[in-house]
Amino acid sequence: MTNQELWQAALGEIELNLSRANFITWFKNTGIVEKKEGLAVIGVPNGFSREWLANKYHKLILRALRNTSPEIKDINFIISSSPPKILDTPKKIKKDKILLPEEQMGFDEFEINKETNLNPKYTFASFVVGPFNELAQAAARGVVENLGTLYNPLFIYGGVGLGKTHLLQAVGNEAYAKGKKKIKYTSAEKFASELITSLRDGKIDKFKEDYRKIELLIIDDIQFLTGKEKTQEEFFHTFNSLYQKNNQIIISSDRPPKAIATLEERLRSRFEGGMIADISFPEYETRLVILKAKLEEKKATLPNEILEYIATHIKKNVRELEGALNRVIAFTKLNSSIPTISQTSKILSTIISPPKKLISYKSIIKIVSDFYDLSSPELTTKCRKKEIVWPRQVIMYLMREELKSSYPFIGEKLGGRDHTTVMYAYDKMSKEIETNESLQQEIALIRERLYA
Ligand code: ADP
Ligand code: MG
């Protein structure tokens, strides 16, 4: 295995542990410069990256490398002005051309269309459809065929790594291919930061004008607008202006509109006025189909029983399935042999049963209050405001479920409530969770953050 292949395998794993933005920021233009006597030297583009990687990601990088190449005992970082050979250097760049820094990125992001922000790799053709996402996929296809008229807005929600961004961008790419050019894909976070910059620079009119010219606006991860009133306000106006012109709006979120705390009511009802489709979790058969599709994309082969093993054990989301597959492929390349089932199980052990993080009742309170955009003190006092009764019950439920705390202890930490109140809340939640799907999703999201 070359240094490049090793680094690629490690990146595949590192990527699973970071947000996309973080991953790109810190790992573009990096590579293994040298490997000897158990030390891997990693080249980074500047001192800032070096400091950051060494302080924050040292362990993660070492672990990822050791998973593929156990003889590595330590790593260090050097600034390397000519970045080591970068991953996936797209073929269309001629070798003799001097590369702009942007072009050197080497990640998929490289091919992103500057005007639309779309990444051409996300297509309908590469999007596997199963019962878990067929409604969302059908709605998305419907929208491409009938921009602005069939479902407006289209609102897609589901947990992380389940294909929201892929699907949203597939709509954009397909519309682009059909000749629509005034398309813009952006995240709610980016929308907010652009808004702030243009306010600061006195360019707000241009900002508004630009957004209002768009025929297909795709906003990813709208839950980011939670609690940001000014941004919601501006988004509302942009939304209305596009909507009135029958321009298409597509939105994604990690939860349904009604579960986005402090979303302005008028925005919420706008979202609910269109089509809402969810993406749930892929079941076994679909997981297997996804693995086969990804394997083909990567032009690799593995026996069915290994794919079946992965599909049986990796259930959380599509991103993780892909990560598991990457690991097995890396092993295959490194050893020039197909792993046995027991080797596969070892390779995947840290994904299948990651060491469980220890959590405290404080972290439950913190995560739940962040989730509902409330402040912790409100939740831990006697306050009876309607909007906090529910989150407080969620905390009670989780303290009981995750920490096995006693009812009196839970009552004490939540404003000195009587243990019978806690018992009642816990029972009520436990019953409701059995039948209420959106509650199940909410709790799953919170758990995900709790153990992230
Ligand atoms: P989300 O935005 O919901 O967090 P992404 O769209 O980023 O998830 O998907 C995570 C990864 O899984 C991406 O690489 C994406 O291409 C892949 N993926 C997700 N769903 C599917 C699917 N149905 N078919 C093929 N690949 C998928
Ligand atoms: Mg996404």
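Residues numbered from 1 in each chain as written. Chains lettered and ligands numbered in written order. Predicted model: local features only at pLDDT ≥ 70, side-chain atom pairs only at ≥ 80, totals over all residues. Heavy atoms only, no water.

A few words on the overall build of the protein chain. Helix and strand counts for the protein chain stand at 21 helices and eight strands. The C-alpha extent of the protein chain, read off along each of the three principal axes, is 65 × 55 × 45 Å. Counting every position in the protein chain, which comprises 452 residues, the buried fraction comes to 48%. Intrachain contacts of the protein chain at a sequence separation of at least 6 include 70% that bridge at least 24 residues. For the protein chain, the accessible surface area stands at approximately 22,700 Å², while carbon and sulfur atoms represent 53% of it. (Helix = DSSP H or I, 4+ residues; strand = E, 2+ residues; numbered from the N terminus. Buried < 20%, exposed > 50% of the residue type's maximum accessible area, 1.4 Å probe, protein only. Contact = heavy atoms within 4.5 Å. Areas by Shrake-Rupley, 256 points an atom, 1.4 Å probe, with all protein chains shown as cover.)

This part takes up the sheet that holds strand 8 (residues 275–278). With parallel pairing, five strands are arranged side by side in an open sheet as 5-6-7-4-8. Across the chains shown, the open sheet's two edge strands, defined by having one partner strand only, are strand 5 (183–187) and strand 8. Averaged over all pairs of adjacent strands, the angle between their axes in this sheet comes to 15°, without regard to strand direction. Two elements, strand 4 (residues 154–157) and strand 7 (residues 248–253), share four bridges in a ladder whose sense is parallel. For Tyr157, the partnering residue across the bridge sits in strand 7 and is Ser253. (Pairing = 2+ DSSP bridges. Axes fitted to C-alpha atoms, helices over the stretch in contact; angles between N-to-C directions.)

Turning next to the site of ligand 1. Around ligand 1 there are 17 residues in total, and Val128, Gly161, Thr165, His166 and Lys294 lie nearest to it. One of the backbone nitrogen or oxygen atoms of Val128 is found 2.8 Å away from a nitrogen atom of ligand 1. Here an oxygen atom of ligand 1 and a side-chain polar atom of His166 are 2.7 Å apart. Alone, ligand 1 offers 550 Å² of accessible surface; in the complex the protein occludes 92% of this. Elements with a contribution of two residues or more to the shell around ligand 1: helix 6 (164–177) and helix 13 (318–335). Split into classes, the residues belonging to the shell around ligand 1 amount to six nonpolar, seven polar and four charged. Looking at which domains feed residues into the shell around ligand 1, each of domain 2 (134–279) and domain 3 (284–352) supplies at least three. (Near = heavy atom within 4 Å. Polar contact = N/O pair within 3.5 Å; in protein donor to acceptor, adjacent residues only side chain to side chain. Nonpolar A, V, L, I, M, F, W, Y, C, P; charged D, E, K, R; others polar. Domains from an automatic or database assignment.)

Moving on: the domain arrangement of the protein chain. Reports often express the size of an interface as the amount of accessible area lost when the parts come together. Split by domain assignment, the protein chain resolves into domain 1 (3–86), domain 2 (134–279), domain 3 (284–352) and domain 4 (361–450). On a C-alpha basis, the centres of domain 2 and domain 4 stand 31 Å from each other. In this complex, domain 2 contributes 11 residues to the contact, which on the side of domain 4 involves nine residues. Roughly 780 Å² is buried in total at the junction of domain 2 and domain 4, and carbon and sulfur atoms are behind 49% of that figure. Inspection of the region where domain 2 meets domain 4 yields one salt bridge. Across the salt bridge formed by Arg449 and Asp254, the nearest N and O atoms sit 2.9 Å from each other. Our count for the domain 2 to domain 4 interface comes out at two residue pairs in polar contact (both at pLDDT 80 or more). For the side of domain 2 that touches domain 4, the per-class residue count stands at four nonpolar, three polar and four charged. (Buried area = accessible area lost by both parts, 1.4 Å probe. Salt bridge = Lys/Arg side-chain N within 4 Å of Asp/Glu carboxyl O.)

Here the focus is the packing of aromatic side chains. Under the defined criterion, the tally for this structure stands at 16 aromatic pairs. Between the aromatic rings of Phe235 and Phe239, the centroid separation amounts to 6.1 Å while the plane-to-plane angle is 65°, which identifies the pairing as edge-to-face. Note that Phe235 and Phe239 are positioned in helix 9 (residues 229–244) at a spacing of four residues, about one turn of the helix. No difference in accessibility class separates Phe235 from Phe239, as the two residues are buried. Note on Tyr361 and Phe409: the rings are 5.5 Å apart at their centroids and 90° apart in plane angle, and the pair reads as edge-to-face. With Tyr361 in helix 16 (residues 361–371) and Phe409 in helix 19 (residues 407–413), this residue pair connects regions lying 48 residues apart in the sequence. Accessibility expressed as a relative area gives 29% for Phe409, which makes it partly exposed. (Phe/Tyr/Trp six-rings, centres within 6.5 Å; stacked < 30°, edge-to-face > 60°.)

Spatially, the three strands line up as an open sheet ordered 1-2-3, and their pairing is mixed. The open sheet is flanked by strand 1 (31–36) and strand 3 (74–79), the only strands paired with a single partner. With strand direction ignored, the average angle separating the axes of adjacent strands in the sheet is 25°. Pairing of strand 1 with strand 2 (residues 39–44) involves five bridges; the strand directions are antiparallel. The residue of strand 2 that forms the bridge with Gly31 is Gly43. Helix-sheet contacts for helix 1 (residues 3–17) involve strand 1 and strand 2, and the interaxial angle to strand 1 is about 115°. Lying over the sheet, helix 3 (residues 47–56) contacts strand 2 and strand 3, oriented at roughly 165° with respect to strand 3.

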